Structure formats: C-alpha cells, structure tokens
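Here is what each chain is made of, one letter per residue.
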Amino acid sequence: MSADVILEARDLVKHYPIKTGIIRRTTGHVRAVDGVSFDLHAGETLGVVGESGCGKSTLGRLLMRLEEPTSGSVTFEGVDMYTQRGAAMRRLRRDIQIVFQDPYTSLNPRKTVGDIVGEPFDIHPSVAPKGSRRRKVQELLDLVGLNPEHINRYPHQFSGGQRQRIGVARGIALSPKVLICDEPVSALDVSVQAQVVNLLEQLQKDLGLAYIFIAHDLAVVRHISDRVAVMYLGKIVELGDETQIYDHPIHPYTQALLSAVPVPDPSEKGKRVQIRLTGDVPSPANPPSGCRFHTRCWLAQTLCPLAADGSGSIPPQCSQEIPELVTHDDGAGSHEAACHFARTLEA
Amino acid sequence: MANESHPAPGPLVPENAKASATYQGSLDSITFGEGSALPLNKPVSSGKDRGIVGTNVLPAKHAWTPVDGRLLSVTDLMVEFRTREGVAHAINGVSFTLDQRETLAILGESGSGKSVTAQAVMGILDTPPGYVTGGSVEYCGVDLLRLAEKSRRHVRGAQISMIFQDALSSLNPVFPVGWQIAEMFRVHRGMNKTDALEKAVGLMERVRIPAARERVKAYPHQFSGGMRQRIMIAMAIALDPAVLIADEPTTALDVTVQAQIMDLLKELQDESGMGLILITHDLGVVANVADRIAVMYAGRLMETAPVGPLYAEPRHPYTIGLLESVPRLDSKLGETLPAIGGLPPNLLAMPTGCPFNPRCRFAVEKCWTGTPPPLTPLVDDDSRATACWLVDDPSVRGEGQIAATGGAR
Ligand SMILES: Nc1ncnc2c1ncn2[C@@H]1O[C@H](COP(=O)(O)OP(=O)(O)OP(=O)(O)O)[C@@H](O)[C@H]1O
Ligand SMILES: Nc1ncnc2c1ncn2[C@@H]1O[C@H](COP(=O)(O)OP(=O)(O)O)[C@@H](O)[C@H]1O
Ligand code: SF4
Ligand code: SF4
Ligand SMILES: [Mg+2]
Ligand SMILES: [Mg+2]
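Here the residue numbering is sequential within each chain, running from 1 through the sequence in written order. By the order in which they are written, chains take letters starting at A while ligands take numbers starting at 1. With pLDDT at 70 or above as the cut-off, local features in this predicted model cover only qualifying residues; side-chain atom pairs require 80 or more to be listed or tallied, and sums for whole chains, interfaces and linings still use all residues. Side-chain calculation: all heavy atoms of the structure are included, whereas hydrogens and water are not.

> Could you clarify how one ought to interpret the overall build of chain B in this entry?
Per the convention used, a helix needs a DSSP run of H or I reaching at least four residues, while a strand needs a run of E reaching at least two, with both numbered from the N terminus. On a plain count of helices and strands, chain B comes out with 12 helices and 12 strands. Exposure categories follow from relative accessible area, calculated using a 1.4 Å probe and restricted to protein chains: below 20% of the type maximum is buried, above 50% is exposed, and the middle band is partly exposed. By the burial criterion, 56% of the 409 residues in chain B qualify as buried. The contacts of chain B with a sequence gap of at least 6 include a subset with a gap of at least 24, amounting to 68%. Carbon and sulfur atoms form 53% of the exposed surface of chain B, whose accessible area is close to 16200 Å². The contact definition used throughout considers only heavy atoms, calling two residues in contact when any of these lie within 4.5 Å. For the area figures, the Shrake-Rupley method with a 1.4 Å probe applies, and any residue is considered shielded solely by the protein chains shown.

> Can you help me understand the packing of helix 3 (residues 113-123) of chain A against helix 4 (residues 133-143) of chain A in this one?
Two packed helices can be described by the angle between their axes and the distance between those axes. All names here are of chain A. Axis separation between helix 3 and helix 4 bottoms out at 10 Å; the angle between their running directions is 115°. As judged from the angle between their axes, helix 3 and helix 4 are roughly perpendicular. Taken as a pair, helix 3 and helix 4 cross one another with a handedness that is right-handed. For the pair formed by helix 3 and helix 4, the contact residues are Val113, Gly114, Val117, Gly118, Phe121 and Asp122 on the first element and Arg133, Lys136, Val137, Leu140 and Leu141 on the second. Amino acids outside the nonpolar list (Ala, Val, Leu, Ile, Met, Phe, Trp, Tyr, Cys, Pro) and the charged list (Asp, Glu, Lys, Arg) are all regarded as polar, and Gly is one of them. Residues belonging to the contact of helix 3 with helix 4 are distributed by class as follows: six nonpolar, two polar and three charged. Every axis in this analysis is a line fitted to C-alpha atoms, fitted for helices over the stretch in contact. Angles between the N-to-C directions lie between 0 and 180 degrees. Orientation is classified from the angle alone, with under 35 degrees giving roughly parallel, over 145 giving roughly antiparallel, 65 to 115 giving roughly perpendicular, and any other angle giving oblique. Crossing handedness: left-handed means the near helix sits turned counterclockwise from the far one by under a right angle, and right-handed means the same turn made clockwise.

> Would you mind going over the domain arrangement of chain A with me for this structure?
For chain A, the domain assignment lists domain 1 (115-174) and domain 2 (250-335). An automatic or database domain assignment supplies the start and end points of every domain. For domain 1 of chain A versus domain 2 of chain A, the distance between C-alpha centres works out to 44 Å.

> How should I be thinking about the sheet that holds strand 5 (residues 79-80) of chain A in this particular structure?
Strand pairing in a sheet takes place through backbone hydrogen bonds and is either antiparallel or parallel in direction. Residues and elements named next belong to chain A. Taken in spatial order, the four strands make up an open sheet running 2-1-4-5, and their pairing is antiparallel. Across the chains shown, the open sheet's two edge strands, defined by having one partner strand only, are strand 2 (25-41) and strand 5. Pairing analysis gives five bridges linking strand 1 (residues 5-20) to strand 4 (residues 71-76), with the strands arranged antiparallel. If you follow leucine 7 over to strand 4, its bridge partner there is phenylalanine 76. Running over the sheet, helix 1 (residues 56-63) touches strand 1, strand 2 and strand 4 and is turned about 120° from strand 1. Two strands qualify as a pair provided that DSSP identifies no fewer than 2 bridges between them.

> Teacher, can you tell me more about the site of ligand 3 here?
Lining the immediate surroundings of ligand 3 are His251, Pro252, Cys291, Phe293, His294, Cys297, Ala300, Cys318, Cys339, His340 and Phe341 of chain A. Of the residues that constitute the shell around ligand 3, the class distribution is eight nonpolar, three polar and no charged. By convention in this text, a residue qualifies as near a molecule or strand provided that one of its non-hydrogen atoms is within 4 Å of it.

> How do you make sense of the pairing of strand 9 (residues 227-232) of chain A when you look at a structure like this?
On any regular strand, side chains alternate: one points to one face of the sheet, the next to the other face. Residue and element names in this part refer to chain A. Counted residue by residue, strand 9 has six buried out of six residues, so it is predominantly covered. In this structure, strand 3 (residues 45-49) lies alongside strand 9, joined through four bridges in parallel fashion. If you follow valine 48 over to strand 9, its bridge partner there is alanine 229. Of the pairings in the sheet, the one linking strand 9 to strand 10 (residues 235-241) comprises six bridges and is antiparallel in character. What sits directly across from alanine 229, in strand 10, is leucine 239.

> In this structure, what is going on with the site of ligand 2? I would like to understand it.
All names here are of chain A. Residues in contact with ligand 2, as listed here, are Tyr16, Val30, Ala32, Ser52, Gly53, Cys54, Gly55, Lys56, Ser57, Thr58, Arg61 and Pro284. Within 3.5 Å is the distance limit for a polar contact, defined as a pair of N or O atoms, with the added protein rule that one can donate a hydrogen and the other accept it, and that residues adjacent in sequence qualify only through two side-chain atoms. Note that an oxygen atom of ligand 2 is positioned 3.3 Å from one of the backbone N or O atoms of glycine 55. In this structure, threonine 58 approaches ligand 2 through a side-chain N or O atom, which is 2.6 Å from an oxygen atom. Of all the elements in the fold, those that place two or more residues in the shell around ligand 2 are strand 2 and helix 1. No other element matches helix 1, which puts four residues into the shell around ligand 2.

> Looking at this structure, how should I read the packing of helix 7 (residues 225-237) of chain B against helix 8 (residues 255-272) of chain B?
Residue and element names in this part refer to chain B. Two elements in contact, helix 7 and helix 8, have axes separated by 10 Å at closest approach and are oriented at 20°. As far as their axial angle goes, helix 8 and helix 7 are roughly parallel. By crossing handedness, the relation of helix 7 to helix 8 is classed as right-handed. Seen from helix 7, the contacting residues are Gly226, Gln229, Arg230, Ile233 and Ile237; seen from helix 8, they are Val257, Gln260, Ile261, Leu264, Leu265 and Leu268. Across the contact of helix 7 with helix 8, the residue classes tally to seven nonpolar, three polar and one charged.

> It is not clear to me how the sheet that holds strand 2 (residues 86-99) of chain B should be interpreted in this structure. Could you clarify?
Residues and elements named next belong to chain B. Overall, antiparallel pairing links the four strands, which are arranged 2-1-4-5 in an open sheet. Here the strands that pair on one side only, and so sit at the sheet edges, are strand 2 and strand 5 (142-143). Its contacts with the sheet put helix 2 (residues 114-122) on strand 1 (70-83), strand 2 and strand 4 (130-139), and the angle it makes with strand 1 is roughly 115°.

> Mind showing me how you'd approach the interface of chain A and chain B here?
At the interface, 41 residues of chain A touch 42 residues of chain B. Throughout, the accessible surface (probe 1.4 Å) given up by two parts as they are put together, summed over both, is called the buried area. The largest per-residue losses of area from chain A upon contact with chain B belong to Val190, His223 and Pro264 of chain A, which jointly make up 18% of the total buried on that side. The salt bridge definition used is simple: a Lys or Arg side-chain nitrogen within 4 Å of an Asp or Glu carboxyl oxygen. Run the count over chain A and chain B and you get one salt bridge. The closest approach of N and O atoms between aspartate 263 of chain B and arginine 276 of chain A, which form a salt bridge, is 2.5 Å. Scanning the region where chain A abuts chain B turns up 10 residue pairs in polar contact (both at pLDDT 80 or more). Elements supplying a minimum of two residues to the side of chain A that touches chain B: helix 6 (190-207), helix 7 (218-224), helix 8 (242-247) and helix 9 (252-260) of chain A. When the residues that make up the side of chain A that touches chain B are grouped by side-chain class, the tally is 18 nonpolar, 11 polar and 12 charged.

> What's the story with the packing of aromatic side chains in this structure? I'm lost.
What characterises a pair of aromatic rings is the spacing of the ring centres plus the angle enclosed by the ring planes. Residue and element names in this part refer to chain A. Stacked, tilted and edge-to-face are the three classes applied to pairs of Phe, Tyr and Trp rings, where Trp contributes its six-membered ring and a pair requires centres within 6.5 Å; stacked means planes under 30 degrees apart, edge-to-face means over 60, and tilted covers the rest. Throughout the structure, instances matching the rule amount to eight aromatic pairs over all chains. Taken together, a centroid distance of 5.1 Å and an interplanar angle of 80° make the contact between tyrosine 232 and phenylalanine 293 edge-to-face. Here tyrosine 232 is found in strand 9, whereas its partner phenylalanine 293 is found in the loop between helix 9 and helix 10 (298-303), with 61 residues between them in sequence. Each of the two residues, tyrosine 232 as well as phenylalanine 293, counts as buried. Aromatic pair tyrosine 253 and phenylalanine 293: ring centres 5.2 Å apart, planes at 70°, arrangement edge-to-face. Pair noted here: tyrosine 253 is in helix 9 and phenylalanine 293 is in the loop between helix 9 and helix 10, with a separation of 40 residues, a long-range link.

> Just to check I follow, could you spell out the side chain of arginine 65 of chain A for this structure?
All names here are of chain A. Within the fold, arginine 65 resides in the loop between helix 1 and strand 4. According to the relative accessible area criterion, arginine 65 is buried, its value standing at 8%. A distance of 2.8 Å separates a polar atom in the side chain of arginine 65 from a polar atom in the side chain of glutamate 68. A distance of 3.2 Å separates a polar atom in the side chain of arginine 65 from the backbone oxygen of tyrosine 82.

> Explanation requested: unusual backbone geometry in the structure shown.
Excluding glycine, residues mostly have negative phi values, and the peptide bonds linking residues are mostly trans. All names here are of chain B. Cis peptide bonds are those with omega within 30 degrees of zero, and the linkage from threonine 127 to proline 128 qualifies with -20°. With an omega of 10°, the peptide bond running from proline 128 to proline 129 counts as cis. Mapped onto the elements, proline 129 comes out in the loop between helix 2 and strand 4. The backbone of aspartate 76 shows a phi angle near 50°, a positive value even though the residue is not glycine. In this model, arginine 101 sits at a positive phi of 65°, which is unusual for a non-glycine residue.

So this is what it looks like as structure tokens:
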C-alpha cells in the first residue's frame, strides 16, 4: 500500500436478492455493485459519476459499512473494515462520515439543528464531553457558514442550501478523515450550489479531509475532483485524474457521457463532437454478457464493417469477454479503462 | 398547421380521468375538467377580488391565426397567491412574446415563478389561492384571460399544450399507455376506439418509441423514465398544438436521455413549426436549444435577449452571477466558484427597490428605494432588455464580459 493511501477498496460486490411470489423466493439478483476497486489518497477528492442506477449510492453505503458487501474488502488505514467489531468498528466509523443527497428529507424534522449536528456526539461522547457540547455544535455551525444562534431552530426554518450545510456540519462533527458526499448539491439551485461546493473545498483545505464525491453533474465533479471514476452498471469503466478523464477520455461510454452534457455556451453549438447513445441503461438484474456497455456502444458498432449497414454486429470480444480495468495510452499519457478497444476520440 | 383550429366536441373530461384518487394525470391536465371556472366576472385588481375573470365567448370553430407569425403575447402579467401567511406576489408584471417556430427559454431558479407563469398562460392556475390580478395573455390576437372558461377549453391542448414538470408521475399507472394517448383523440376528436388506438401508435412512432405497435398495450411501469417522458410528449402534441410549453422536461433525467429528449423536441418543432416555451434552470440546456431567453427572478424578468448575445455579454447583475457560478465542463478553473451570496427573497416580504438588491454586488443607493427598475430595451440593441438601474454602468458591463468567458478572472 502506498504511503498516503487512506482507503482501499478491492473487488467490492453488492448483490441485492430479488424476491418474488408469496413465499418471497429469491429469483435473481440486482448486481448494484459488481467488482469495484480503487484507492483513495489522504486529502484528495475522488469523483464518482455515472447514470442513475449505476451503483454510486450503493458504493457510498458500502464504504460507510451501512451495508455489508456480498464480497470484497475495504481497508481503511491498513485495517480491514468488514472484519472489525464493537469498539474497533465504532472507532473506524468516526473516521468515515457521509452527507446525503436530499437536504429536504435527510434531516429529522422534529429535531433541532443542535440535536442533529450534535447527534454523532451521542454515539461518541468522548469527542465532546457533556459540558462542551453546545459550544462544539455552535463552532460547527459557524464553520459551515450558519448562524450559531440558530442552534434551536428546526430544519424547515432553513432553505435547501442551508439544510445541506447542516448535513455537512453533522458529517464533519467527529473530524473524520474521509467524507462521502452522495449528490450533495444535486437538489440545489445553481447560485446556492456554488456556495456549498465552495464550502466543501474550504473545509478540505482547512481540515485535510478526503472526499468521495458522488454526483451526476459532470461539470460540478470536474470542478471539485482530483481524480474521477466513471461507473456503468455496477463497474468502474474508466479511472483517471480530472484532466485525463475530461480532456483525454478513452472509454467510449465516458466519451458519450461527456458529449451529452450541454455546454453553457451557444457559440459552441454544433462545434463539439456529439455522440448520442440510443436506448436506456440495461437492468442491473440482467446485465449484458461480455462488456456491459456493448448493447449501447457506438464504438463497437463502428469497429465492425458490417455494422455500418445497420446489421448491429459488433466485435465478438465485446459481447463475450469482460474487459478488465487496465492502463491504456490516452494520447497524453496513460490511465485506466475497461474496454478492449480503448482509444482517444478523433474529433 | 399551426393555425388550424380543432374545436373539441363532446364531453371534455373523460369519465375515468378522475377515477383514481392519486392520479394527477395528464388527461386531466390536458382536458382540464372544471376547476378554473370562476363565478364573478368583473376585472378588478385589489382587495378581496377574484382577479381577472373572463366572460368573452368565441364560436367553437374560431379560426386561430397568428398575427404576423406571432403566436403569443404576454403583457404585464400579475399573479398572486393569497395564503394564510399573507399575499405572495408570485408574478409581478411579466411580458414576453412567442413566434411560430421560435424557442423561448424561461430561465430561473426554483421558486422564481416559471411554473406559475406557464399555469397562468394555460389557465390552470390553482384558484384559490392563486389569482391573475393583471395583464393580458394574447393568443393569435385574442386575450385568453378575458375568455370564458368554455372558450378557453378549446384552446388548451388543441392550441396551447403543456408538458408538466412532474411528468413522470403523471401517467395513470393502471391504464396502458396507448389507451391513455388514444383517449386524447376520443375525447377531443370524437374518434372511435380503433381509430384512436391507430392514431396512438402513429404518435408513439412520432416520438421515436421503438416497436410502438407491440408496446401500445404496455403499462407505464414497463417503460423507462426517458420512454415515459416521450409518452408525455406524445400526449402533449397529439392535437397538433401551435404552442408547446415544456416545464423542466428533462430535469429528472440523465444527461444521455436528456440529450435524446431535447433532440426529439427540436425535431418535432421542425416538423410542425410550433412555438416552444422551454422552462428550465439549466444554463447548458438553454444555450443549446433556445432562440431567445427570458431570465426570471422573484416573479420578474431581469433580462431578455437572443441566446448568443446573452451568453456573450450578460448585462444584468443576476445573469452575470448565474453565468459565473456554473462550473464548466471544458476547463477546471480556480478553486472558488464565484457564488451569488444569499438567497432569493421571500415573496411574502419582498425588499423595496430592486428585488435582487440584497444579493447584488453592484447595488447603489437608488436600488434600495422606490419601485423596482422596469424591464427596458437597451439603447444600443433593442432586441435586448434588462431591468437594472446600472445597465450602462461600465463596471457592470466589464464584469459581464468576464462572466461570459466562464468566470475566469
Ligand atoms: N398553490 C400555491 N400556493 C401558494 N404559493 C404557491 C403555489 N404555487 C406556487 N406558489 C409560489 O409561487 C412561487 C413561484 O412558484 P413556481 O412553482 O412557479 O416556481 P418555479 O420557478 O417553477 O420553481 P421550481 O423550479 O421549484 O418548480 C413560489 O414562491 C411558490 O412557493
Ligand atoms: N435495497 C435495495 N434492494 C434492491 N435493489 C437495490 C437496493 N438498493 C439499490 N438497489 C438497486 O441497485 C442499483 C444501484 O442503486 P444505487 O446505488 O442507488 O444507484 P445510483 O447510482 O442512482 O445512486 C439500482 O438498480 C437499484 O435499484
Ligand atoms: S469493450 Fe467493446 S463494447 Fe465494451 S466499451 Fe469497448 S468497444 Fe465498446
Ligand atoms: S438595480 Fe441595482 S440592485 Fe438591482 S440588479 Fe441593478 S444594480 Fe443590482
Ligand atoms: Mg443515488
Ligand atoms: Mg417549477
């Protein structure tokens, strides 16, 4: 393990049973996360992007051990997370915290802001002894840009952006080393979203936090991330630093995803390479054989001479062999992608 | 096609449209049962009045003809919500126009009044608590606000149609989608079942649903989010409306599917020449599809402009702030995003003066008092208008030009 790797995920798998009929017999599995490996370095931000249902939130919950994996391991500072019990696990939990997507539903409406932000101290009283609680919570509120005097207010008395700040305050209460942010700004308006993104970056600088930043907005992810993982149907299909992924993508899915993002500049209209994926993401209960992307892959179709006539044929490798996440040349260097034919996009 | 008239015969509300209690459905919304019939009929504007109540009646076969290509002309629209907490001034004098083949984007953040504007144009405002208290909505030269409900019904769906923000939940889960589309033709055109179902297949093909004929009997849950959105679009264009209002049609969808849906709307518009009002908060979507943009804030238009000039040189401080605060896909800028501080105002307690003043970094004394700055055409370009006292101030213009380059400073 390299010196500054703080969290290491190896072959993480989470399958949810599909139960049908009156006797709730298991008739299949949703392969929400299906073999995910990556390293997270201390103090860095790893962005995770992908279409809805590709397994981003499940991955986040696994890293928090809010769920047990079907198989695979997560090592935090050299300690295997899934084998820890009792006090040892509680100590681990202090170091990994989460901020949830929806600022409107993730906070208990019957609790005051003070109760919500101070909640982690109930589980870990040693961090903030009884007498110092209130002051600690007020410091946290101040840190995330909320008025410390509002400690007795309820969530409904705050706007969406402010509620997200409450969630962040709770997330950092125990001074974690890793903060998992699951779509922390998706429900917010542009002007308020920028405020929360800035807050997260400031906190990272001040507290040395590492972030797993899950989002479907690719521009926000670029802004905040050092490295980016692109997921498709439970697997990472491309992993690299921010410039590699955005300026030199080599996986055809990443290329399609980026080209679908509308750029807020009308003078660019018609100038960018446009790749339109047809159809929808297949069901993770029954993922395609071989490369999971082969049913929608535009590159595979152009690789087969027959495909041009609409026959829809693709190289047999694509439908038969699962591509591994391995290093490929990206034109400006190299990074990892899971595609038999990974290559830079010729504009 | 745009000026063809299709009066609706027979019952306007399908019996089963209101059958299921949870169903907020599209049939209901497009045929719009009773609901907005208002008892009083004098257009007064203050106190405990009922707002503008239309009484004019048009012949059912009225021929709707755009005047010089102009479909819609909204002038000084005012809408308020009378709630227990007080009167919320949701729309405070909004004016815009829409021509044939044109795409007008109404851009604004949550709560700025986009949906309410659309509801007022459609005549489906939730009354009470919502009342139109001023202005006019002219469609082909006729003020819809002064039309009796009976006549307005001939306009909804057939002339001006709408795709709703919560479209994905507004299909009726217990009926096959083909049946729901066919119902449009049965109700509005008096077609028989077989013909209507045949039309439904045609429409599903028009919105590019693969294997439409086989899937006409499928239920909504058997379709993906993107496919359900296509079905909603099919229903909205079923009667060949001249105006289509799309309220956040892709907000709930992934970018890949969003791109498909925006392409589809564009193709449909090219085919039929309809005018499109696209309501959104996404600056990226707008840049790619709109001809003109109206930027909305606290129930007012802050700036209107053709799309190119607006992005090349935003002139209103709010627009400048918005363009600065979007992160860019094509470059990683400095660590801090230039955010607009603060929050949109509470509509129950609007600040005096310019509604943007508490968040505006340019605000001067004048901004804090008196009436808000009116939306005024620019002296150097009358295709654009802004509502700001400092529109010609060199420092505002300078920062607008910086914002246009992606906020790099
Ligand atoms: N039925 C209602 N009763 C009271 N107030 C309402 C009602 N409908 C809308 N409003 C208020 O009118 C204002 C404008 O609402 P509108 O739904 O048009 O906003 P929007 O810009 O479309 O926002 P969003 O993107 O969140 O839907 C808001 O402040 C809203 O709270
Ligand atoms: N508790 C669960 N039971 C069954 N399926 C689940 C459960 N949680 C998630 N899934 C499925 O796993 C897949 C990935 O889900 P999720 O990680 O929530 O996706 P997203 O990328 O949208 O956050 C989806 O198909 C989802 O329906
Ligand atoms: S392996 Fe084949 S199907 Fe998969 S992404 Fe690469 S080219 Fe496409
Ligand atoms: S009128 Fe004043 S407060 Fe309003 S946008 Fe212009 S400068 Fe800012
Ligand atoms: Mg999620
Ligand atoms: Mg709305």
